[in-house]
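Notes for the structure review
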Amino acid sequence: MFAEADTIKKITITDVAQHAAVSVSTVSLVLSGKGRISSATVARVHQAIEQLGYVRNRQAATLRGAASGVIGLILRDIGDPFYAEMTAGLSEALEAQGKVLFLTQSGRDGAGLMRCFDTLLTHGVDGLVLAGGARAADDLQAQAAEQGVPLVCAARSGGVAEVDVVRPDNMQAAQIATEFLIKRGHRQIAYLGGRSDSLTRAERLGGFCATLVQYGLPFRSEWIIECESQQQAAALAAENLLRQHPNISAMVCDKAAVALGAYFGIIRSGRGIGSDGIDSFLSQQVALIGFGDAPEAALSEPPLTLVSTSAREVGRSAAARLLQRIESPDLPPQDVILAAKLIERASA
């Protein structure tokens, strides 16, 4: 008898969804009586509930309007330094308001996005933060709206329709970096890193190219190089670029990690790191500047110059906006753009 009770307690909304061959979102909609669900599907879900002995505990409390005190976060990779810092800022701000953060990872390409959403749904989250450029964000927005779950997108480029977005000003950051190099006398400036399908990279490239044009400098597509953010990949890309185009005197790197990798690639190519402006080519130095920040950036020799938007501030701002959204669901969507600042060190 105790074993039977124990079995019933372990039945979850996910088990019901699998038994009924529907999504967790569909089960939740059936339980809440919301959404446009066919009568056949409703019957199948209720049949699964009865057969499995599902007890609507946490879900029932949520449906009665009780706040769970849990905020869900979906990000691609907690190992990314920017998102790790952003998560810390988000958690700090939420905990100060008595909330608990529930973290999930969707994977680098966002393939597990809806799985993460379904998991968070079963825990009755009061709101949801989506961090990073998940491709299926529009689908998530529709599902969250159906469920009545407030959603804020943090640190992703490009807005999702009808959703609050808190993000760095990537175009401004690239303009700051490129103009800084130009004013130091550089005319042969390359861009290294990022993937062609990245909206963040597209915004940064937009600022980079616009600044080159502003100062009458040519845009050379062969100096725009894609590469992964791992240091080994960035080192190889930087080394190959300099061997093919030795007149390059400066590099703008898509991330701090790319800049750290490029540091070693420049050294391996026989060049030095730093900026002597118009004399850089003669002195064989390459100026290096990246986006974001990393503790190691200040430890290299010379230390790396970076243009950064505080990741913690992105997290804090996302928390503030989500709490506002939970309190006032009818607020109009807001695009919160946080300015970048130059961290000037000796590499550029």
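Predicted, not measured: the structure shown is a model, and the values here were computed from it.

1. Notes on the sheet that holds strand β1 (residues 70-75)
With respect to topology, six strands assemble into an open sheet ordered β2-β1-β3-β4-β5-β12, the strand pairing being parallel. Looking along the sheet, the strands with just one partner apiece sit at the ends: β2 (100-105) and β12 (335-338). Taken over all neighbouring pairs, the strand axes of this sheet differ in orientation by 20 degrees on average, direction set aside. Inspection of the sheet shows strand β5 (residues 164-168) paired to β12 by four bridges, in the parallel sense. Bridge pairing in β12 links Val 166 to Val 336.

2. As for the environment of Leu 121
In this structure, Leu 121 sits in helix α7 (residues 113-122). Residues Leu 121 and Ala 144, 23 residues apart in the sequence, show an inter-C-alpha distance of 9.3 Å.

3. Thoughts on the packing of helix α6 (residues 81-95) against helix α14 (residues 311-327)
Two elements in contact, α6 and α14, have axes whose closest approach is 6 Å; the angle formed by their N-to-C orientations is 40 degrees. Considered as vectors, α6 and α14 are oriented oblique to each other. Handedness of the α6/α14 crossing: right-handed. Side by side, α6 and α14 meet where Phe 82, Glu 85, Met 86, Ala 88, Gly 89, Leu 90, Glu 92, Ala 93 and Leu 94 of the first sit next to Ala 311, Arg 312, Val 314, Gly 315, Arg 316, Ala 318, Ala 319 and Leu 323 of the second. Considered class by class, the residues forming the contact of α6 with α14 number eleven nonpolar, two polar and four charged.

4. Considerations on the layout of surface pockets
If you add up the space inside the largest pocket, you get close to 1200 Å³. Elements with a contribution of two residues or more to the lining of the largest pocket: α6, α8 (137-147), α9 (170-183), α10 (199-214), α12 (256-268) and β11 (305-308). Among the residues forming the lining of the largest pocket, the class breakdown is 17 nonpolar, 14 polar and 18 charged.

5. Focus: the pairing of β1
Where burial is concerned, most of β1 is hidden: six out of the six residues are buried. Judged by which residues are buried, β1 turns out to be covered on both faces: Val 70, Gly 72 and Ile 74 on one side and Ile 71, Leu 73 and Leu 75 on the other are all buried. The pairing of β1 with β2 spans six bridges and is parallel. Looking at β2, one finds that Ile 74 is bridged to Thr 104. Tracing the backbone out of β1, into α6 and back to the parallel element β2 gives a crossover that is right-handed.

6. Observations concerning unusual backbone geometry
Here the residue pair Glu 301 and Pro 302 is connected by a cis peptide bond, since its omega of 5 degrees sits within 30 degrees of zero. Note that Pro 302 resides in the loop between β10 (285-291) and β11.

Rules used throughout
- Residues numbered from 1 in each chain as written.
- Predicted model: local features only at pLDDT ≥ 70, side-chain atom pairs only at ≥ 80, totals over all residues.
- Heavy atoms only, no water.
- Pairing = 2+ DSSP bridges.
- Helix = DSSP H or I, 4+ residues; strand = E, 2+ residues; numbered from the N terminus.
- Axes fitted to C-alpha atoms, helices over the stretch in contact; angles between N-to-C directions.
- Parallel < 35°, antiparallel > 145°, perpendicular 65-115°, else oblique.
- Left-handed = near helix turned anticlockwise from the far one by under 90°.
- Contact = heavy atoms within 4.5 Å.
- Nonpolar A, V, L, I, M, F, W, Y, C, P; charged D, E, K, R; others polar.
- 1 Å grid on protein atoms, 1.4 Å probe; cavity = no way out; pocket = protein on both sides within 12 Å on 5 of 7 lines; lining within 4 Å.
- Points joined across faces, edges and corners; volume = space filled by probe spheres on them.
- Buried < 20%, exposed > 50% of the residue type's maximum accessible area, 1.4 Å probe, protein only.
- Right-handed = clockwise from strand over helix to strand, strands pointing away.

Coordinates in, geometry out; function isn't part of it.
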